[in-house]
Structure formats: C-alpha cells, structure tokens
Amino acid sequence: MLKPSLKDISIVIPVREGSSRVHEKIYLPFGDNSTLLEWKILQVLRIHPSDRIFISSNSKRVSSIAEKMGVQYLPRSTHLCDGHKASFSEVISGVVSDLPTKYFAWVTVVVPLMKPEEYFQAFHIFLEQVCIKKEYDSLVSVNRLKDYLWQHGSPLNYQANRNHTISQELPELFRVTNGLYMRDRESTLCEGYFLGSKPFMHVVSKISGIDIDDEQDYSMALALKDVY
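Because the structure is predicted, anything quoted here is derived from the model rather than measured.

Visitor: Please set out the overall build of the protein chain residue by residue, giving values where relevant.
Guide: A tally of regular secondary structure across the protein chain gives six helices and nine strands. Computed over the C-alpha atoms, the radius of gyration of the protein chain is 19 Å, within 12% of the 17 Å expected from 2.2 N^0.38 for a compact globule of 228 residues. Projected onto the principal axes, the alpha-carbon positions of the protein chain cover approximately 60 × 45 × 35 Å. In the protein chain, buried positions account for 47% of the 228 residues.

Visitor: Before we move on, could you go through the packing of helix H1 (residues 36-45) against helix H2 (residues 60-69) and cite the residues and values that matter?
Guide: Taken N-terminus to C-terminus, the directions of H1 and H2 make an angle of 35 degrees; their axes are 11 Å apart at the nearest point. For the pair H1 and H2, the sense of crossing is right-handed. Along the contact surface, H1 presents Leu37, Glu38, Ile41, Leu42 and Leu45, while H2 presents Val62, Ile65, Lys68 and Met69. Taken together, the residues that form the contact of H1 with H2 break down as seven nonpolar, no polar and two charged.

Visitor: Please provide a residue-by-residue account of the sheet that holds strand S5 (residues 138-145), values included.
Guide: Across a sheet, paired strands are connected by hydrogen bonds in the backbone, their directions being either parallel or antiparallel. Pairing in this open sheet of seven strands is mixed, and the strands run S3-S2-S1-S4-S8-S5-S9 from one edge to the other. The open sheet has two edge strands with one neighbour each: strand S3 (72-75) and strand S9 (199-203). Pairwise comparison of adjacent strand axes, ignoring direction, gives a mean angle of 30 degrees for this sheet. Pairing analysis gives four bridges linking strand S1 (residues 9-14) to strand S2 (residues 53-57), with the strands arranged parallel. Looking across to S2, one finds that valine 12 is bridged to phenylalanine 54. The sheet strands contacting H2 are S2 and S3, and the helix crosses S3 at an angle near 160 degrees. The strands touched by helix H3 (residues 88-96) within the sheet are S1, S2 and strand S4 (103-107), with S4 carrying the most contacts at an inclination of about 125 degrees.

Visitor: Could you give an account of unusual backbone geometry, naming the residues involved and the relevant values?
Guide: Of note, the phi angle at lysine 134 is positive, near 60 degrees, even though the residue is not glycine. Tracing the chain through its elements places lysine 134 in the loop between helix H4 (116-132) and S5. With relative accessibility at 61%, the residue lysine 134 sits in the exposed group. The phi dihedral of histidine 152 is positive, around 50 degrees, even though this residue is not glycine.

Visitor: Residues and numbers for the packing of aromatic side chains, please.
Guide: As enumerated under the stated definition, the model contains 11 aromatic pairs in all. Ring geometry for tryptophan 150 and tyrosine 158: centres 6.5 Å apart, planes at 65 degrees, overall edge-to-face. Of the residues examined, tyrosine 158 reaches a relative accessible area of 15% and is grouped as buried. One aromatic cluster is present, built from ring pairs that chain together Phe88, Trp106, Tyr181, Tyr193 and Phe194. We note arginine 61 situated over the ring of tyrosine 27; from NZ or CZ to the ring centre the distance is 3.5 Å. In this arrangement the basic side chain of lysine 225 is found over the ring face of phenylalanine 30, its NZ or CZ atom lying 6.0 Å from the centre.

Visitor: Can you explain the nonpolar core? Please cite residues and give values.
Guide: Ile11, Ile13, Leu37 and Leu180 are the most contacted members of the largest nonpolar core, which has 48 residues in total. Contributions of two or more residues to this core are made by S1, H1, S2, H2, S4, H4, strand S8 (173-184) and helix H6 (215-223). A total of eight residues in this core trace back to one element, the largest contributor, which is H4. Those residues within four positions of isoleucine 13 in sequence are excluded, and the remaining contacts are Leu37, Lys40, Ile41, Val44, Ile53, Phe54, Ile55, Ser56, Val107 and Val109. Phe54, Ala86, Phe104 and Leu195 belong to the second-largest nonpolar core, a separate cluster that totals 17 residues.

Visitor: Run through the environment of serine 77, naming residues and quoting values.
Guide: If you trace the backbone, serine 77 turns up in the loop between S3 and H3. Counting along the chain gives 48 residues from serine 77 to proline 29, while the straight-line C-alpha distance between them is 27 Å.

Reading the values: the criteria
Residues numbered from 1 in each chain as written. Predicted model: local features only at pLDDT ≥ 70, side-chain atom pairs only at ≥ 80, totals over all residues. Heavy atoms only, no water. Helix = DSSP H or I, 4+ residues; strand = E, 2+ residues; numbered from the N terminus. Rg over C-alpha atoms; globule rule 2.2 N^0.38 Å. Buried < 20%, exposed > 50% of the residue type's maximum accessible area, 1.4 Å probe, protein only. Axes fitted to C-alpha atoms, helices over the stretch in contact; angles between N-to-C directions. Left-handed = near helix turned anticlockwise from the far one by under 90°. Contact = heavy atoms within 4.5 Å. Nonpolar A, V, L, I, M, F, W, Y, C, P; charged D, E, K, R; others polar. Pairing = 2+ DSSP bridges. Phe/Tyr/Trp six-rings, centres within 6.5 Å; stacked < 30°, edge-to-face > 60°. Lys NZ or Arg CZ within 6 Å of the ring centre and 35° of its normal. Core = buried A, V, L, I, M, F, W, Y, C linked by side-chain atoms within 4.5 Å.

Printed below as a string of structure tokens:
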C-alpha cells in the first residue's frame, strides 16, 4: 500500500462575502496590491499544487479571483454561506463533501500571518502522526498560553494569593488560532466536525495566531506584517 502523500491532501479555503463586524472582510487590502483572500491564496501556492487548492464560496467575484490565480473554485449553496441559517457543522460537511481527496486542510483567510513554512510543517506532521502512525486523529494550529486566566470572578489556572505561581510554571494550555484544521474526509462527514477527539496541537508563532474578527484585529495584522 502506498504511503499517504501531499497529493492526498486538499487545501480548502472557505469564504463568504458577508461579515457582521467588518464590511467585505475578505476583500480588505493586505500585501502588495492584494486582498486578504488573494494574500492567503499566494501563501498556500508556495507550498501546495494549484490543483489541490480549492476556494469554496457562492460568489462570482470569488470565482473570478480563483480563476485568475489558477486555483480551483467549489460552488457552495447560498444556504451554506449564510451564517444565520446553516449550522457550522452543516457548513463543514457541505464544504468537505465536495473535496476529491481523502484528507483536507481547512485554511482560513482571516488568519493572514501564519507562514507558508508553518503550513508545510503541519502537512508533514499530519501525514506522519495522523495518517501513517495514527497516534492522533486530526491536527489544529494553536498558540501555547501562559497567561493568568479568570472566569466568573475566580482564577482558572492559578491561585490569586500568597501561592501565586510564576507564568513559566502555569499549566500548559492551548488557544486555537483558527488558522488550520486537518482531518480525513470520511470521519469529518460522519461526525460533522473537522477535528477528532485526539488532535495534534501544532504550535505556531504568536503572530500566526492573529485572527481578524474586528477592525482592531485588522490594524494589528497590518502593523505586524513587516515582522511576518
């Protein structure tokens, strides 16, 4: 039996034009004469073949961008592009069901500072740890958290008293960056989600964790682009 390889992985970039917090978010300027969507396509083109990169949307403008940049376009129903009608599980299943390969990488436009090298490293870890050794069932990009956290008026991960611990000794926690999710297609369609019960925590740089959810996030991403 042939070992799984990069050609067995489809990159899917799901996009929709509506955004409740930032108007036309995917078309915000980023990089040299490019939008956030074009920037993300250029990033993944550096590490993956164009016939394995799919843009999922219901937009004619997005379709034109995909054609112009030489990647594949997957038409998506309007129902699955309306965040107020379809559940997120429905969206995941609907998008993944159209992919031609056994495995996929769900890549988001709104995390612009995750480097191509970090994607490339993740793909090889996924092939080794998930597909071949089967020590994990999926992969997700994360930032390691060493912060003092509170909830409902009480500390979550330390004692806020004379037993206060230094940050280096806090329990290891991870924050999902929303930049990358990887799993096999069959399990995703069966369970309706792009992570299993035992995902590999792919730790990425702090700036790779910037997720553009509002105008302040966008300003931060622009300011840190030179660091990237």
